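# Residue-level structure breakdown
Listed below are the residues making up each chain.
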Amino acid sequence: MEFAELIRTGQAQAELLRGPEEPPLRGTLCITGHHLLLSPGPQATPDLWLLLLRNVDSIEKRVAGDSGTITLRCKDLRVLQLDIEGVEATLDIARSIEALSSLESVITSFPFFYRPKGLRLGDAWHFHPPECYYKRVARETNAWRLSEANEDFSLCPSYPRAVIVPRAVDDSALARSARFRQGGRFPVLSYYHAPSGTVLLRAGQPLTGPQKRRCSEDEDLLRAVLAGARPGARGFIVDTRSPQAAKQARMTGGGTEAKAAYPGWKRLHRLLETGRPLQESFVRLVEACGDLEQSMDRWLNRLESCRWLSHVKETLSTACLAAQSMEQEGACVLVHGAEGTDSTLLITSLAQLILDPLSRTMAGFQELIEREWVQAGHPFQLRCAHSAFSHARPKHEAPTFLLFLDCVWQLGRQFPLSLEFGEGMLLALFDHAYASPFGTFLCNNEKERCLCEVRTRTHSLWSGLSQPKEQRKLRNPLYVPNPLAIWPSAEPQSLRLWQGLFLRGTRPPEPSEVAWEKVWQIVTDQEKTEGSQPTDSASEAGP
Amino acid sequence: MASAPTSKYNSHSLENESIKRGTFFILIDKEVIYICPFNGPIKGRVYITNYRLYLRSLETDSALILDVPLGVISRIEKMGGATSRGENSYGLDITCKDLRNLRFALKQEGHSRRDMFEILTRYAFPLAHSLPIFAFLNEEKFNVDGWTVYNPVEEYRRQGLPNHHWRITFINKCYKLCDTYPALLVVPYRASDEDLRRVATFRSRNRIPVLSWIHPENKTVIVRCSQPLVGMSGKRNKEDERYLDVIRETNRQVNKLTIYDARPNVNAVANKATGGGYESDDVYHNAELFFLDIHNIHVMRESLKKVKDIVYPNVEESHWLSSLESTHWLEHIKLVLTGAIQVADRVSSGKSSVVVHCSDGWDRTAQLTSLAMLMLDSFYRSIEGFEILVQKEWISFGHKFASRIGHGDKNHADADRSPIFLQFIDCVWQMSKQFPTAFEFNERFLITILDHLYSCRFGTFLYNCESAREKQKVTERTVSLWSLINSNKDKFKNPFYTKEINRVLYPVASMRHLELWVNYYIRWNPRIKQQQPNPVEQRYIELLALRDEYIKRLDELQLANSAKLSDPSASPSSPSQMMPHVQTHF
């Protein structure tokens, strides 16, 4: 097998430090094609410690005397230190980890080999197809249809096979609109807001170019959207770039919708930074959080200068704008930036969480991520190739999905009862987006996933998370369904650093899991009490 | 999660009708314009009674817009003159102790603001007009008496005192030894009353080292006092040196006594010029001295002023975090918490007895001893335990509430005023955030305490020390705040409280884990208000009910079980013995 060439050593004796809180682990270290393993001696606990090599973001080695130290900084922001006996062994292990953790091939990645007990291949992949969401829409309105024009991914490689479009627009018009939009991303339905009868759409930027080209099919499509909503409905186009940037994009063939060409639609610009600036903000923040030497009286200044919380603020307030336009102004909303695969998805998915109580349930949230991120073509493989520690030159990395999770965390903090899932779910999603034994976040879009046969050859994260033993970690014990829209406050005073993630290394004295567990106990004790009668057998369950 | 929402105004508003008991009369009832900093001018009718000021809107179905006890007012200013132009330029500007300002615009004709200004001045500052503070007029009745919560003998007995090293002394019965200390003190068994008198001459304001808390297992103690009167010449006092040595000898696990001086080193040195100082190690051979770098009352007052500047009326938005940092408020919180952690750790893990003092031993010392006790002793984390802690370490040991808060006093710029107690409550809130299941009380409990710190509705925080309170017969003539709280405890309970014994809490005092108490400092701003207040509260109440139900069921089960077990021969497990065991479940 090909990995064997990259593994330069069999095994070595090592001690592992996992942070200040946890006791060091001693044992035999070895490397397989996908994992770093530490098997403790027979006297210790029999548990094997396992690290997915794909999780390694950066590796640092030092040798002194006849031993060496390897520091592994992981994509999930954990920092591990390995003290290894023998200089040769240290160098060999370091080289092996370097080589194996940077393998780019998808089909040799671990999800293609992962076969956990109790799960069957193919399960859960069918959980959330576009057809499923369409059924929900069709129950409310018949202005929309499910089009399979993209069956072979020829219109748009980053869209799924089936998309929801206005009934009045036929497939050939879609094809022409697709040619007028970046990446072929013609406007499609993202969310139907039944209470106001309005819709949320997303797309790529129109390719107007310097000549200010127009496309009548694209214009018809947006006209049909307004016609399908309530009579006299208006539309807002939320462009996630500044007006200047949108104008400038014309020079490179892009652009934005001309007012005259789209009657009834009004353009709003809300600048959301993506790509490089966002990645740099993430790197600076993680660096600040890990810098324990840093003099404490400058912490807030430093936190502010990382600008991560301003990204959270801008994202949340733009999502509120989109949601407000629908709910309170009764307008339809189209969101796009340039490609329509990053900030666009941030806004459409957050607006749904604000408006749609179903998306705040466990199943609904998974469906939302599957539909608005995975199938909507967020390029996970490119964006999550490296996390905040990598020294490699950043290419396409950007923590857009993490920014989404952070915004959801802020929502959960402000509305502690309204989300069925808890912080544990958000942390798990972050971990799996960057390195996972499951196939859900592999590749950049549906087309690639089809080519790699991800659906038939790997397990879905959703079936992994639905295991009963995971539930207590992922669910919010205080959840009460809330039928209303939840409007978050995006004021800087209302936003917090997500400590559970960014301060993973320097944890508070009572980790939230401990408190979480106690709350669970109080909540589940109810069921016990209700079920039990003062009988002999019940009293055995007492203290 | 232990946060109960604050009501839109403050916690007085709902109880107001119940305190109209003859003592309560309306002094003013007139039309004004309230210049709300958030929603613009509101036309309303202002009512001023001898307890509070409230305002009903004339626009939206006479909604209650404001409800402010006169006790929170620190300053009343006239704005504009009879001839000033411009809309709403003539009126009153009222500065409050709870981080807000109220502005009212009145009609210029006929000196219409004069009576309002005069009435407010009289009743907000009764001391300057030889009027009684409202607490002495308040005839509210509650079904429990908060004054019985704290009984020093019982509290010391709970700690296992007296024992063969420590005795209870009544030497200060008539406040002759020290007029700012309580009547009852705990001192080393081996120190005679004569020794105590000699030590008193060498301690600022005679505040001698006395026991605050004793560790139930290792028997190390926390002792509090004021600075020694060393002075420029480096005076010594043999009795003081021997007295500290006697304290050290009550604990034989380590051979050093630890002294924490709360001040920064330079301040302690500077205090020598005014006759004070610190215990130098060439005189106190068996003691180690550490400085905790906590600044004085003036620094804290200025810091809180800066906090108000960035949160009221408008919240500083563009550079929120760096503006917050420049107030240094959180840094001061951090230093106080760090100091308390050191005290607690020294006693618990270092097995060394600890002496804590600052200059006079009634501000920083009270913060440190009470926070350390809160970390060490889970009893103080219950509602009644916390009341006892405040009653003991703050009220009975002479934290100068009257001077620090300025109850009924018009001198708003008095240099003696300082938010020391607020800072302590903030530290408690930070701890409750880090340990969401460790405290029986919720955020509303802490905010209610702070509201009544100023309101003058209760006698709890009046006067500077126990001797003054006794002279004024405060416990006979006023109602205790704990009566209000303990007669409606459920409102103040944290549903996630899990009772536990012997767990020491070490909060993280790093800036990364401290945050501004937004629900208190920015509570007047409607844009920042806690989201979804009512459902959270509803769910809390449900959970509390569930918990009680569960305890009851378990209790029944145990009774049934033990009845079965208790055959005539012998069964030692009575239900009452098992109860504490049951409760550890929560």
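Residues numbered from 1 in each chain as written. Chains lettered and ligands numbered in written order. Predicted model: local features only at pLDDT ≥ 70, side-chain atom pairs only at ≥ 80, totals over all residues. Heavy atoms only, no water.

### Structural notes on the UniProt feature "domain: Tyrosine specific protein phosphatases" (unreviewed entry) in chain B
Applied cut-off: UniProt positions are given in the numbering used here, feature names are shortened, and annotations may be inferred rather than shown by experiment. For the purposes of this entry, the term helix denotes a DSSP run of H or I that reaches at least four residues, the term strand denotes a run of E that reaches at least two, and both are numbered from the N terminus.
When the UniProt feature table is mapped onto this chain numbering, "domain: Tyrosine specific protein phosphatases" (unreviewed entry) sits at residues 327-389 of chain B. The span residues 327-389 of chain B carries 65% helix and 6% strand; its end-to-end C-alpha distance comes to 29 Å.

### A look at the side chain of asparagine 150 of chain A
All names here are of chain A. Heads up, the condition is: Polar contact criterion, stated in full: a pair of N or O atoms within 3.5 Å, where within protein one must be able to donate a hydrogen and the other to accept it, and residues adjacent in sequence count only if both atoms are side-chain atoms. By definition in these notes, contact holds between two residues if any of their heavy atoms fall within 4.5 Å.
Note that asparagine 150 resides in the loop between strand 8 (144-147) and strand 9 (163-166). Within the structure, asparagine 150 has its side chain in polar contact with the backbone oxygen of proline 160 (distance 3.0 Å). Discounting residues that sit within four places of it in the chain, asparagine 150 has contacts with Leu155, Cys156, Tyr159, Pro160 and Arg161.

### Some remarks on the sheet that holds strand 4 (residues 64-69) of chain B
Residue and element names in this part refer to chain B. For clarity, the cut-off: Note: two strands are recorded as paired if DSSP finds a minimum of 2 bridges between them. Orientation is described by lines fitted to C-alpha atoms, with helices fitted over the stretch in contact, and by angles between N-to-C directions that extend from 0 to 180 degrees.
Within the open sheet, the 7 strands sit side by side as 4-3-2-1-7-6-5. Their pairing is antiparallel. The sheet is open, and its two borders are formed by strand 4 and strand 5 (73-79), each paired with just one other strand. For this sheet, the mean angle separating the axes of adjacent strands, direction not counted, is 30°. Looking at chain direction, strand 3 (residues 52-57) and strand 4 are connected through 5 bridges and run antiparallel. Residue pairing across strands places arginine 56 opposite leucine 64, the latter belonging to strand 4.

### Describing the domain arrangement of chain B
Residue and element names in this part refer to chain B. This is how it is decided: An automatic or database domain assignment supplies the start and end points of every domain. By buried area we mean the combined loss of accessible area, with a 1.4 Å probe, across both parts when two parts are placed together. Put simply, a salt bridge is a Lys or Arg side-chain nitrogen that is within 4 Å of an Asp or Glu carboxyl oxygen. When residues are sorted by character, Ala, Val, Leu, Ile, Met, Phe, Trp, Tyr, Cys and Pro go into the nonpolar class, Asp, Glu, Lys and Arg into the charged class, and all the rest, Gly among them, into the polar class.
The domains assigned to chain B are domain 1 (19-124) and domain 2 (152-530). Here domain 1 and domain 2 have C-alpha centroids that lie 37 Å from each other. Of the residues lining the interface, 17 residues belong to domain 1; the matching set on domain 2 comes to 22 residues. Overall, the association of domain 1 and domain 2 removes approximately 1,800 Å² of surface from exposure, summing both partners, and the carbon and sulfur fraction of that is 61%. If you sort the residues of domain 1 by the area they bury against domain 2, Phe38, Lys97 and Leu99 come out on top, with a joint share of 41%. Inspection of the region where domain 1 meets domain 2 yields 0 salt bridges. Where domain 1 meets domain 2, there are 6 residue pairs in polar contact (both at pLDDT 80 or more). Tallied by class, residues from the side of domain 1 that touches domain 2 come to 9 nonpolar, 4 polar and 4 charged.

### Re helix 8 (residues 329-348) of chain B
Quick reminder of the rule: In a helix, the anticipated span is given by 1.5 Å times the number of residues less one. Classification of residues uses two cut-offs on accessible area relative to the type maximum, computed with a 1.4 Å probe and protein chains only: under 20% is buried, over 50% is exposed, and between them is partly exposed.
When the terminal C-alpha atoms of helix 8 of chain B are compared, their 29 Å separation across 20 residues agrees well with the 28 Å that a helix rising 1.5 Å per residue should span. With 14 of 20 residues buried, helix 8 of chain B lies mostly within the body of the structure.

### What to know about a positive patch on the surface
Under the convention used in this document: In this scheme, patches are assembled from residues that exceed 30% relative accessible area and form no salt bridge. Like charges are connected within 9 Å, while nonpolar side chains (Val, Leu, Ile, Met, Phe, Trp, Tyr) are connected within 5 Å. What sets the accessible areas is the Shrake-Rupley method with a 1.4 Å probe; for residues, cover comes only from the shown protein chains. Neither His nor the chain termini are counted; the positive set is Lys and Arg, and the negative set is Asp and Glu. Note on charges: their place is set at NZ of Lys, CZ of Arg, CG of Asp or CD of Glu.
Where like charges cluster on the molecular surface, the positive patch consists of Lys212, Lys247, Lys259, Lys266 and Arg267 of chain A. You can see lysine 259 of chain A is positioned in the loop between helix 6 (243-248) and strand 13 (265-269).

### Quick notes on the sheet that holds strand 12 (residues 235-239) of chain A
All names here are of chain A. Read across the open sheet, the 5 strands follow the order 10-11-14-12-13; overall the sheet is mixed. Of all strands in the sheet, those bounded by a partner on one side alone are strand 10 (188-193) and strand 13. In this sheet, adjacent strand axes meet at a mean angle of 20° when their direction is disregarded. Both strand 10 and strand 11 (residues 198-202) contribute to a ladder of 5 bridges, which runs antiparallel. Considered in strand 11, the bridge of histidine 193 is made with threonine 198.

### Quick notes on the domain arrangement of chain A
Residues and elements named next belong to chain A. For chain A, the assigned domains are domain 1 (3-103) and domain 2 (130-522). Taking the mean C-alpha position of each, domain 1 and domain 2 sit 36 Å from one another. Facing the 14 residues of domain 1 at the interface are 20 residues of domain 2. Around 1,300 Å² of area is buried between domain 1 and domain 2 when both sides are counted, 64% of it from carbon and sulfur atoms. Counting the surface domain 1 buries against domain 2, the share from its top three residues, Asp57, Lys75 and Leu77, is 48%. On inspection of domain 1 and its partner domain 2, the count reaches 0 salt bridges. Scanning the region where domain 1 abuts domain 2 turns up 8 residue pairs in polar contact (both at pLDDT 80 or more). Elements with a minimum of two residues in the side of domain 1 that touches domain 2: strand 5 (56-64) and strand 6 (67-74). Partitioning the side of domain 1 that touches domain 2 into residue classes produces 5 nonpolar, 2 polar and 7 charged.

### Quick look at the pairing of strand 1 (residues 26-36) of chain B
Looking down a regular strand, the side chains alternate between one sheet face and the other. Residue and element names in this part refer to chain B. In this sheet, strand 2 (residues 40-49) lies alongside strand 1 in antiparallel orientation, the contact comprising 10 bridges. Among the inter-strand pairings, cysteine 36 is bridged to a residue of strand 2, identified as glycine 40. What sits between strand 1 and strand 2 in their antiparallel hairpin is a turn of 3 residues. The pairing of strand 1 with strand 7 (residues 101-105) spans 2 bridges and is classified as antiparallel. Note on strand 7: the bridge partner recorded for tyrosine 34 is phenylalanine 104.

### Focus on the confidence of the model for chain A
Residue and element names in this part refer to chain A. Short version of the rule: The predictor's confidence in any single residue is recorded as pLDDT, a number from 0 to 100.
Here chain A averages 87 in pLDDT, while 91% of its residues score no lower than 70. The lowest-confidence element of chain A is helix 21 (residues 536-540), averaging 33 in pLDDT; the highest-confidence one is helix 10 (residues 343-355), averaging 96. Residue range residues 531-543 is modelled with pLDDT below 50. Its contacts to residues more than four positions away, or to other chains, number 16 contacts.

### Concerning helix 13 (residues 400-414) of chain A
Compared with the 21 Å implied by 1.5 Å per residue over 15 residues, the 21 Å span of helix 13 of chain A between its first and last C-alpha is a close match. Most of helix 13 of chain A sits out of view: 13 of its 15 residues are buried.

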